[in-house]
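Chain and residue survey
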Amino acid sequence: MSRPAASAALPIAHVVLRILIVLNWLSGAAIATLLVAMPTRRWIMSALDLSPSPEADQVVMGLRAIAVLGLVAIPLNDVVLRRLRAIVETVRAGDPFVAANASRLQAIAWVLLALQLLSLVIGAIAKAVSSPAHPLHLQAGFSINGWLAVLLTFLLARVFAQGTLMREDLEGTV
């Protein structure tokens, strides 16, 4: 079987994924630093131009909860990025239809599902603490594209698993 010409996208994808892994952990370090060295309530309120009130206290607590959930997302993102990088490596080697890639895609799908659920929780927190006087606008909550990505990744995992079985059957008959 002849191998297709190497795509320029594969080395770029490999480098981009390595950069994203580092940036993911750096953003986690930044969030953790903010949580550990959390400025005083007064500083947060002045930075967000909030006047002292029970609603403002809710916003501050909501932001802290969202930051903690942001920390939860960091290792989840790492799972996705590292598995994608491993898949890119098998594609670069010319052998993408292997059982490991089907497993990797399955794991990615589960993590994407977890990230979508996490986004719903973050969106709910933002909605709960937001008020007309202190609006909190985040791009979190329900995302049709996110849920489609989950479904497509589960489907792609199944396609890879089936492709692997077909390939093994073909190699067994030759």
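1. Regarding the packing of helix H1 (residues 9–36) against helix H3 (residues 54–92)
Packing of H1 against H3 leaves a shortest axis separation of 9 Å and a crossing angle of 165°. In terms of orientation, H1 lies roughly antiparallel with respect to H3. Note on packing geometry: the crossing formed by H1 with H3 is left-handed. Each residue belonging to the contact of H1 with H3 can be placed in one class, and the counts come to 19 nonpolar, six polar and seven charged.

2. Quick look at the nonpolar core
Most often, soluble globular proteins have nonpolar side chains that are buried together. One finds Ile66, Leu69, Leu105, Leu115, Leu118, Ile122 and Leu136 to be the most contacted residues of the largest nonpolar core, which totals 18 residues. Of all the secondary structure elements, the ones that give two or more residues to this core are H3, helix H4 (99–129) and helix H5 (144–173). Beyond its immediate sequence surroundings of up to four residues, Leu69 is in contact with Leu118, Val121, Ile122 and Ile125. Membership of the second largest hydrophobic core comes to six residues, among which are Ile44, Ala56, Val59 and Val60.

3. Side note on H1
For H1, spanning 28 residues, the distance from its first C-alpha to its last is 40 Å, which sits close to the expected 40 Å at 1.5 Å a residue. Inspection of H1 places Leu10, His14, Leu17, Ile21, Asn24 and Gly28 among the buried residues, and these make up the whole buried set. Close packing links the buried residues of H1 with H3.

4. Observations regarding the packing of aromatic side chains
The description of an aromatic ring pair uses the distance of the two centres, along with the angle that the planes make with each other. Counted by the stated rule, this structure contains two aromatic pairs. With a centroid separation of 5.0 Å and an interplanar angle of 85°, the aromatic rings of Trp110 and Phe154 are classed as edge-to-face. Placement of Trp110 in helix H4 and of Phe154 in helix H5 is noted, with a sequence separation of 44 residues between them. Taking relative accessible area as the criterion, Phe154 reaches 21% and is therefore assigned partly exposed.

Analysis parameters
Residues numbered from 1 in each chain as written. Predicted model: local features only at pLDDT ≥ 70, side-chain atom pairs only at ≥ 80, totals over all residues. Heavy atoms only, no water. Axes fitted to C-alpha atoms, helices over the stretch in contact; angles between N-to-C directions. Helix = DSSP H or I, 4+ residues; strand = E, 2+ residues; numbered from the N terminus. Parallel < 35°, antiparallel > 145°, perpendicular 65-115°, else oblique. Left-handed = near helix turned anticlockwise from the far one by under 90°. Nonpolar A, V, L, I, M, F, W, Y, C, P; charged D, E, K, R; others polar. Core = buried A, V, L, I, M, F, W, Y, C linked by side-chain atoms within 4.5 Å. Buried < 20%, exposed > 50% of the residue type's maximum accessible area, 1.4 Å probe, protein only. Contact = heavy atoms within 4.5 Å. Expected span 1.5 Å × (residues − 1). Phe/Tyr/Trp six-rings, centres within 6.5 Å; stacked < 30°, edge-to-face > 60°.

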